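Residues per chain, in single letters:
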Amino acid sequence: MIRTDRHGDVLVVIADNPPVNALSEAMRHALGKAVTAAVADPAVRAVIIRCDGRGFFAGADIASFGKPSSPPSLPAVIDAIEASEKPVLAAIHGNALGGGLEVALGCHYRIATTSAKLGLPEVKLGLLPGAGGTQRLPRLVGMPEALSMITTGEAVPARRALEIGLVDRLAGDDSLEPEAIAFAREILLLKEHPRTSKRTERLAEAVRDPALFDRFRHEIAGKVKGFAAPEACIQAIEAAVKLPFAEGVAKERALFASLVKSEQSRALRHIFFAERAAAKIEDIPRDTSRIPIARVGIVGAGTMGGGIAMNFLSIGIPVTIVERDQAPLDRGIATIRRNYERTASRGRLTQNDVERAMALLRPSLAIEDLADCDLVIEAVFENMAVKKEVFRKLDAIAKPGAILASNTSRLDLNAMAAETERPEAVIGLHFFSPANVMRLLEVVRGAKTGPSQLATVMDVAKRIGKVAVVSGVCPGFIGNRMLAQRSKQAQMLILEGAKPWDVDRVLTNFGFPMGPFQMSDLAGLDLGWRRESSKGESIRDLLCERDRRGQKTSKGYYDYDESRRPSPSSEVEEIIAGYAASRGYRPRSVDEQEILERLLYPMINEGARILEEGIAQRASDIDVVWINGYGWPTVTGGPMFWADGLGLGTIVAGLKSHQARLGADFMLSPLLLRKTSEGGRFN
Ligand code: 3H9
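Residues numbered from 1 in each chain as written. Predicted model: local features only at pLDDT ≥ 70, side-chain atom pairs only at ≥ 80, totals over all residues. Heavy atoms only, no water.

*Asks:* An account of the sheet that holds strand E4 (residues 88–92) is requested, with residue identities and associated values reported.
*Replies:* Strand order in this open sheet of six strands is E1-E2-E3-E4-E6-E9, and the pairing throughout is mixed. The open sheet is flanked by strand E1 (2–7) and strand E9 (169–171), the only strands paired with a single partner. Ignoring which end each strand starts from, the neighbouring axes of this sheet average 25° apart. One ladder, built from six bridges, connects E1 with strand E2 (residues 10–15); its direction is antiparallel. Each residue of the ladder has a partner; that of Thr4, found in E2, is Val13. (Pairing = 2+ DSSP bridges. Helix = DSSP H or I, 4+ residues; strand = E, 2+ residues; numbered from the N terminus. Axes fitted to C-alpha atoms, helices over the stretch in contact; angles between N-to-C directions.)

*Asks:* Tell me about the sheet that holds strand E11 (residues 319–322), residues and numbers included.
*Replies:* Strand order in the open sheet formed by eight strands is E12-E11-E10-E13-E14-E15-E16-E17, with mixed pairing between adjacent strands. Edge strands, defined here as strands with exactly one partner in the open sheet, are strand E12 (361–364) and strand E17 (467–471). The sheet shows a mean angle of 25° between the axes of neighbouring strands, taken without regard to direction. Where strand E15 (residues 426–431) lies against strand E16 (residues 440–444), four bridges are found, and the strand directions are antiparallel. Opposite His430, over in E16, you have Glu442 as the bridge partner. Along the sheet face, helix H16 (residues 384–397) touches strand E10 (296–299), strand E13 (375–378), strand E14 (403–406) and E15 and points at about 170° away from the line of E14. (Contact = heavy atoms within 4.5 Å.)

*Asks:* I'd love a proper account of the environment of Arg481, names of residues and values included.
*Replies:* Along the polypeptide, Arg481 turns up in helix H19 (residues 479–496). Residues contacting Arg481, with those up to four places away along its chain left out, are Cys474, Pro475, Gly476, Glu606, Arg609, Ile610, Glu613 and Ile615.

*Asks:* Lay out the nonpolar core in plain terms, naming residues and giving numbers.
*Replies:* Membership of the largest hydrophobic core comes to 72 residues, with the highest contact counts inside it found for Phe57, Ile92, Leu137, Met143, Leu166 and Phe213. If you tally residues by element for this core, the top one is helix H10 (residues 229–242), at seven residues. Residues within four places of Leu166 in sequence aside, it is in contact with Leu101, Leu105, Arg110, Leu118, Leu137, Leu140, Val141, Met149, Val156 and Ala161. Among the nonpolar cores identified, the runner-up in size contains 68 residues, and Leu525, Ile539, Met640 and Leu648 belong to it. (Core = buried A, V, L, I, M, F, W, Y, C linked by side-chain atoms within 4.5 Å. Buried < 20%, exposed > 50% of the residue type's maximum accessible area, 1.4 Å probe, protein only.)

*Asks:* Describe the pairing of E2, and please don't skip the residues or the numbers.
*Replies:* Burial within E2 is extensive, with six of its six residues counted as buried. Following E1, the chain reverses through two residues before pairing antiparallel with E2; Gly8 in that reversal takes a positive phi of roughly 65°. Sheet analysis places E2 next to strand E3 (residues 46–51), joined by six bridges and oriented parallel. Its bridge partner lying in E3, Val13 is registered against Ile49. As a crossover connection, the stretch from E2 through helix H1 (residues 25–40) into E3 is right-handed. (Right-handed = clockwise from strand over helix to strand, strands pointing away.)

*Asks:* Quick one: what's the story with the pairing of E13, residue by residue and with numbers?
*Replies:* Taking every second residue as pointing to the same face, both faces of E13 are buried, with Leu375 and Ile377 on one and Val376 and Glu378 on the other. Here E10 pairs with E13 via four bridges, running parallel. Bridge assignment links Ile298 to a residue of E13, and that residue is Ile377. In the sheet, E13 pairs with E14 via four bridges, with the strands oriented parallel.

*Asks:* So what's going on with the site of the ligand? Residues and values would help.
*Replies:* Around the ligand, a shell composed of 27 residues is seen, among which Glu102, Glu122, Arg276, Lys280 and Lys462 lie nearest. Glu122 places a side-chain nitrogen or oxygen 2.5 Å from an oxygen atom of the ligand. Contact distances for the ligand include 3.0 Å between an oxygen atom and a backbone N or O atom of Gly130. Expressed as a share of its isolated accessible area of 1,000 Å², the protein-covered part of the ligand is 77%. Looking at the shell around the ligand, the elements that each hand over two or more residues are strand E5 (95–97), helix H3 (99–106) and helix H12 (263–278). Among the elements that make up the shell around the ligand, the one with the highest residue count is H12 (three residues). Taken together, the residues of the shell around the ligand break down into 15 nonpolar, five polar and seven charged. (Near = heavy atom within 4 Å. Polar contact = N/O pair within 3.5 Å; in protein donor to acceptor, adjacent residues only side chain to side chain. Areas by Shrake-Rupley, 256 points an atom, 1.4 Å probe, with all protein chains shown as cover. Nonpolar A, V, L, I, M, F, W, Y, C, P; charged D, E, K, R; others polar.)

As C-alpha cells, this is what we get:
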C-alpha cells in the first residue's frame, strides 16, 4: 500500500489503495510505519506524502465504523506526523477528504494541484471530523471558513484553499511531485516548521467574539433541522477556541464516539453505500460496451424537457430540442435561459458559463433534426397514444444505435418499445421535477432493453450528477407505485374523519418537507382534470369545480394568503364532510399514530412487493428513490431501512390491525411475511 522514492534527502511516501485511497486499518499501519521509518532515517531531511490513483486519501474507511480495530488509530498517525522534527509536506491531487484532509492538516505544509478539492464531509455521514479536523482546521483558516466547511461538508477548490490558508502553494496538475520536491528543498532552508496544533493566530477573532457561534447556529438552524451532527460539529469547533488543543481533541473524540453509534449516522452511512450500490446492475458486467453520447435530443420543450436539457448543456453536451410550434419552443428556450441567468445572479455560474451552455442548444420544429442524436429523450404529454406516436416517429428517423428514452413516470415502457423495430434501444429515464435540480433518476429497464443501452445511461446519469436507480416495468415504477399507496390512504383517512392538515402534520413531524395535501396544492389539483368531464366523483373534482385548484388559485385543500402561507379551510372541511356522508362514512376521530401507520406501513408492504416481483434490485435502491425523489427524511435511512429499524413484526402487526380499513384490494406481501417470520431484515 505504501512505497517510497528517494530524491536525495527528500523522501516521497506514496500511498496506493484503490479506488479512493481510503485510510483503512492496513493503510493506517503502513502510513504510520513509513513515517516512523522516515523520521528515524538520518539520510532523510524532508518527507512528502502523496497518493497514487484518483486522488489523495478520501477519508477513513467508512465501512469499518463500528467494527473493532487495532492501533495505530488515525489520530495517532496524524499526531506522529505533526510531531516529526523533519518537515512533512502533503502533496494533494484529486480529493483530500475527511481523514485524508486531516492527515494533510497534520503535515507542516500543503501543496495541491489546481484541480484538487479539499473538504471535511463527515457531517454528511452524521459524523464530525474525528482525527483532529475540528481543532486544526480553524487554526489554519479561521472561524467563519472552518464553521462553514465542517457543518456543510462541502469541499473547497484548490484556489480557494490557497486564499483561505488551507494550502500553502498550488502545483500544476501534471507536475505535483517535482513541484513538491522543489518546495521541500526551499523549506529545508527554514529553521522551524509550523505545527498546526500550536497555531492560535487565526482563533483570535473567535476569542474576541465568542457570540459568533450562537449567531452561526441561528443562521443555519433552518437548514440543519432534525440533524444531530451539525450541532456536534459546532461544539467541537467551539472547544478549539475555549480549550487547549489536547482537551479540544478529547472533546472532539468524545463527540465522534457518540455520533458514530447513533441511528442517524448509521442511516446516513447506509445511504452513502446504498447510492453507490444502486449504480451496479447484477447481470450487466462492468466491461459491457458503452455507446458514445455526443449529442442528446429532447422531444418537448415544456418544463420537463427544458429541465432535462439543462443537465446535458451544463456538462457541455450539445442538445437538440424539438417542439411542434414556434411559441412553446420559444417559451421553453427562454425558460432555460432564465434558469441559467438566475443561477448566475446568485454567483454560482459566470455569464460566460451561461452563454456557453446556451450556445450548445439547437432549437427545432422538425423531429427529423434529431437524426444525428445518440440519445433522444421524449418528454411529451403523459398519454400512451401520444408517446407511441413519438416512438414510431423516432424509430423512423433516429440513427442506428441511438438510444430512445421515455420520461414517462408511470406508463408501460414495453408498449412504447413495441412500436419500434429496435426495442433493445428503448429505455425509461424518469427525471423528477425540477429536472435540472432533483438528484434522482429512475432508469426503467424494459423487457427488451439492451445491456449496452442500460450501462450507457447509468454512466450518463453519473456524468450529469444524478443518482440513478434501475426499475423494472410496472405502473408507477418504484417511486410512484409506492406513492400511490400513501395517496390512497391519505384520501381514505380524510373520508373517515382526519383533516387534511392533520394528515400533513403527521408526515412533516416525521420529517417530510410536506404532506400529501400540501404536495397536491403545490402541484395543482387540476393536473389531468377537465371541467367538462368532471362529475363530482372525488374530493378533487369537487374542489376543482369550486376553482380550488391549489396554490396557483390561492386555494386548494388549504387557503393561501398573499405570501402563500397556508391555513385550514372550513369550506374544504364542509366539502369533505358532505362527500364522505354521501358515501356512507361516519366521521370518527383518527389519532396520529393511526395516520402514520396507515400512510407509511402500506408503502413498506408495496416496497416488499416491488422486491418480490424483481422490479427493484435491492431494498436499498428503494431507500435511494424515496430519499432523493420524494423527500423521505434522510436521517431515517429511507423507508426500507426505517422499517428494519422499527422491526418488520411491528409493521405486519400494524397492517393486520388496519386490514379492514386498508381497502378491498389490500394484500400483505408474502416476502414481508416471510422475512417477518424468519426475523429477517430488508437491508
Ligand atoms: C472520516 O474520514 C472520519 C474521520 O474524520 C475520523 C476517523 C477517526 N471509505 O463514490 P465513488 C468507495 S469519514 C470506504 O463511486 P467517485 C465507494 O463505496 C470519511 N469506501 O467514487 C465505492 O465503492 P464501490 C470521510 C469508500 O469517484 C468506491 O469507493 N470521507 C470511501 O464518484 C468509489 O466511490 C468521505 O465521506 C470511504 N471513505 O467519488 C468521502 N469513499 O466501488 C466519501 C469511497 O464498491 N467518498 N468509497 O461501490 C466520496 O465522497 C467519494 O467516494 C469520492 C469519489 C468523492 C471520494
